[in-house]
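Summary of the model geometry
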Number of protein chains: 2
Amino acid sequence: MFDADCGHRMPFRVGDKWSAMLLRCLEAGPRRFTELKVPLHRVSPKVLTETLRAMERDGWVSRTAYDENPPRVEYALTALGRALLDPMDHLCAWTRAHRAEILGVREENVQREYAQGE
Amino acid sequence: MFDADCGHRMPFRVGDKWSAMLLRCLEAGPRRFTELKVPLHRVSPKVLTETLRAMERDGWVSRTAYDENPPRVEYALTALGRALLDPMDHLCAWTRAHRAEILGVREENVQREYAQGE
DNA sequence: GGGTCCGGTTACTTCAAGGGAACCGGGGTC
DNA sequence: GACCCCGGTTCCCTTGAAGTAACCGGACCC
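Right, let's walk through the structure included here. (Residues numbered from 1 in each chain as written. Chains lettered and ligands numbered in written order. Predicted model: local features only at pLDDT ≥ 70, side-chain atom pairs only at ≥ 80, totals over all residues.)

Notes on the sheet that holds strand β2 (residues 61-66) of chain A
Sheets are built from strands that pair by backbone hydrogen bonding, the pairs being arranged parallel or antiparallel. Residues and elements named next belong to chain A. In spatial order, the strands read β1-β3-β2; together these three strands make up an open sheet with antiparallel pairing. The open sheet has two edge strands, β1 (31-32) and β2, and neither has a second partner. Here β1 runs beside strand β3 (residues 72-77); their pairing, made up of two bridges, is antiparallel. Residue R31 lies in a different strand from β3, and its bridge partner there is Y75. Packed onto the sheet, helix α1 (residues 19-26) meets β1, β2 and β3 and runs at close to 100 degrees relative to β3. Helix α3 (residues 45-57) rests against β2 and β3 of the sheet, and its axis sits at about 115 degrees to β2. (Pairing = 2+ DSSP bridges. Helix = DSSP H or I, 4+ residues; strand = E, 2+ residues; numbered from the N terminus. Contact = placed C-beta atoms within 7 Å. Axes fitted to C-alpha atoms, helices over the stretch in contact; angles between N-to-C directions.)

Here is the structure:
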């Protein structure tokens, strides 16, 4: 029933910790490496590089290095990356609409587990 | 800009390996533990239990044990779990529509990397 | 008394993502 | 000569998800 091509796995790297946020950061236009670190204040340069390289390999993002001094590198969404924003918006809207309910149910169950554990 | 509540992280456990597929398996109605193992033929009982417990805690799935012999336990989607099918369908449709393009771009970039590595 | 079925549990191991901290090179600036 | 900026890289470590294999208890069946 389920195999690697079944389409029930999220589109490749969107399940990781930073890709979705990077997509959002790049939505309004190209950004430099250090500009991306500001909103994602918890990301280390290592992880940021890794994530950007992977997104570039998968064609969501393009990398342009300008031969200046000090160096300047700009990351931008490709057409494919921009296309990803549509299902992502849909999912975000759904999450916002159900967030209170989701958190409520979970909290309730965690409380119950705690009470049973006594 | 981004914190834990920003809604840009996937709705909780949908990013893990088996949850999305379990949702699909339960779409048509309640299923028993061993019935779930058939379509997910690569899942071990340990991982299946873990995933179901987590989905239960988050309120996607309900667990009903019948006092029979041999034992019978049925898992079913809750209303909230069923609501998740909508954004999931949207995402699956998007993935199917772009799958060829995504795989093509990735393959191209992997080839280029390989060529540069020589 | 041995086997089957069901719905798991337990112990051990593997693997990749992620994080922290330090370092780097090239050029410009004081 | 020392310091800054930018865009990283390198090394080491922790964590958690996942996998493997073996085992369990109750009841019924032969």
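Moving on from the model shown.
Some words on the protein's contact with DNA strand D
Close contacts around DNA strand D come from 20 residues, with P45, K46 and V73 of chain A together with K17 and S44 of chain B the closest. Partitioning the surface near DNA strand D into residue classes produces nine nonpolar, four polar and seven charged. (Near = placed C-beta within 6 Å. Nonpolar A, V, L, I, M, F, W, Y, C, P; charged D, E, K, R; others polar.)

Focus on the protein's contact with DNA strand C
Near DNA strand C there are 20 residues, and of these D16 and K17 of chain A together with P45, K46 and V73 of chain B occur at the shortest range. Every element with two or more residues in the surface near DNA strand C is listed here: α3 of chain A together with α2 (33-37), α3 (45-57) and β3 (72-77) of chain B. Of the residues contributing to the surface near DNA strand C, the split by class is nine nonpolar, four polar and seven charged.

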